[in-house]
Amino acid sequence: MAEILEKIASIELEMSRTQKNKATASHLGSLKAKLAKLRRDIMEPTTKGGPKGEGFDVTKTGDCRVGLVGFPSVGKSTLLNKLTGTFSEAAAYEFTTLTCIPGVIRYRGAKIQLLDLPGIIEGAKDGKGRGRQVISTARTCDVIVIVLDAVKPLTHRKLIEHELEGFGIRLNKKPPAITFNKKDKGGIAFTPNPNGETTFLDEETVKNILAEYKIHNADVKLHADCTDEDLIDVIEGNRIYTPAVYAVNKMDSVSVEELRLLEDMKNYVPCSSEKEWNLDGLLEKIWDALELVRVYTMPRGVTPNFDEPIILHKSASTVEDFCNKLHKTIMRSFKHAMVWGMSAKHRPQRVGKEHVLHDEDVVQIVKAH
């Protein structure tokens, strides 16, 4: 581990000393590829570095998982206590929480598992403290809530984002628009962005990055103006693209003028876990980030069951996804479905398995006899 960290430090130093221009772009791309490979070795060590931290292997329950991430003593434990009723020790000193504490929120019919993760420290991505365990658990979350102390500088936000980025977590980003396919022969075929300019990548840079991975035959096609880091993310193939919400806690400790300075920050919610201020606003922001779809069942001759919705994700919300969530065998005898709600052109609408459902639709399944 120490040898890897030394190599990382050496590469980062070289990168900081190298001027960024077209002449050095190819060299910087190679350095970034080397850095990504070394970071992968930290993320996925070839030898076991001792037992896993207690409580970090938490069973995923409910419809989705949300993780509270932040520096020590920013109020994560108090947030968990207030939102879920689950006890997680809270105190005014740092590192009160030393393990991962799970709780469950019932919100708008969904069961949301909330994890209070131990405070991370600068250098967590390099294995300092319990950083690897904390960030590994964060990778399994559907949404990450970064808890910031309103009293302390918001540079903490950049530091936390830097630690999560170093562990392959991309916050509020979509996967790069790059098509990458390895092949047996034919060399490297690079296709620039046909939709506009190609500012950051050229054929030489692409070849140098691929050479670091010992890839000499591949097709690389850009569909947007992507960077060398985007290409490395695609090659690595282990990046997690997670929505993030910024909970600026302890808002009762700062002035209105100081809060106004935060208005330009995207996806942020000012709150106070201690005073229970704006916790509803935080939950609503988390709900929006989760992109869940509630669908109600209505068996023939029975009124809809509005108490227990079937929870789907917006990216997988077809009638077929709904049926599979109910029971894997339903599709064997599926004939069509009757749908009431925003996705229906008329009510009810008779639809097939490909029909995309909207939030709070009501569905009745008709089976083939």
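Read on for an overview of the structure. Just so we're clear, the structure is a prediction, and the values are computed from it rather than from any experiment. (Residues numbered from 1 in each chain as written. Predicted model: local features only at pLDDT ≥ 70, side-chain atom pairs only at ≥ 80, totals over all residues. Heavy atoms only, no water.)

### Quick word on unusual backbone geometry
Here comes step 1: Between R347 and the following residue, P348, the backbone shows a cis peptide bond with an omega angle of 0°.
Here comes step 2: One can find P348 in the loop between β14 (334–340) and β15 (349–351).
Here comes step 3: Look at N267: it is not a glycine, yet its phi comes out positive at around 60°.
Here comes step 4: Mapped onto the elements, N267 comes out in the loop between α8 (256–260) and β11 (268–270).
Here comes step 5: Unusually for a residue other than glycine, E276 sits at a positive phi of about 60°.
Here comes step 6: Among the residues examined, E276 registers a relative accessible area of 49% and is labelled partly exposed. (Helix = DSSP H or I, 4+ residues; strand = E, 2+ residues; numbered from the N terminus. Buried < 20%, exposed > 50% of the residue type's maximum accessible area, 1.4 Å probe, protein only.)

### A few points about the pattern of salt bridges
Here comes step 1: All chains considered together, the criterion is met by 18 salt bridges.
Here comes step 2: Across the salt bridge formed by E229 and K32, the nearest N and O atoms sit 3.6 Å from each other. Taken together, the residues span a long stretch of sequence, with E229 in helix α7 (residues 228–236) and K32 in helix α2 (residues 25–43) at a distance of 197 residues.
Here comes step 3: You can call E229 partly exposed: its relative accessible area is 43%.
Here comes step 4: What emerges from the salt-bridge pattern is a single network uniting E165, R170, K173, D233 and R239. (Salt bridge = Lys/Arg side-chain N within 4 Å of Asp/Glu carboxyl O.)

### Description of the sheet that holds strand β6 (residues 178–182)
Here comes step 1: Pairing is mixed across the open sheet formed by 3 strands, whose spatial order is β6-β8-β7. In the strand order of this sheet, the two ends are held by β6 and β7 (188–191), each with one partner. Each adjacent strand pair in this sheet contributes to an overall mean axis angle of 5°, direction not counted.
Here comes step 2: Packed on one face of the sheet, helix α6 (residues 203–212) meets β6, β7 and β8 (218–222) and runs near 135° to β7.
Here comes step 3: Its contacts with the sheet put α7 on β6 and β8, and the angle it makes with β6 is roughly 45°. (Pairing = 2+ DSSP bridges. Axes fitted to C-alpha atoms, helices over the stretch in contact; angles between N-to-C directions. Contact = heavy atoms within 4.5 Å.)

### Description of the environment of E276
Here comes step 1: By the element assignment, E276 lies in the loop between β11 and α9 (279–290).
Here comes step 2: Between the C-alpha atom of E276 and that of K250, which follows or precedes it by 26 residues, the distance is 9.8 Å.

### Let's talk about the packing of aromatic side chains
Here comes step 1: Under the criterion given, the structure shown has 2 aromatic pairs.
Here comes step 2: Centre to centre, the rings of Y107 and W287 are 5.8 Å apart; their planes meet at 70°, and the pair counts as edge-to-face. Remark: W287 occurs in helix α9 and Y107 occurs in strand β2 (residues 101–107); sequence separation between them is 180 residues. For the pair formed by Y107 and W287, the shared burial category is buried.
Here comes step 3: The interplanar angle of 70° and the centroid separation of 4.9 Å between the aromatic rings of Y296 and F306 together place this pair among those described as edge-to-face. Pair noted here: Y296 is in strand β12 (residues 292–297) and F306 is in the loop between β12 and β13 (310–313), with a separation of 10 residues, a long-range link.
Here comes step 4: R157 extends its terminal NZ or CZ atom over the ring of Y246, reaching a point 4.1 Å from the ring centre. (Phe/Tyr/Trp six-rings, centres within 6.5 Å; stacked < 30°, edge-to-face > 60°. Lys NZ or Arg CZ within 6 Å of the ring centre and 35° of its normal.)

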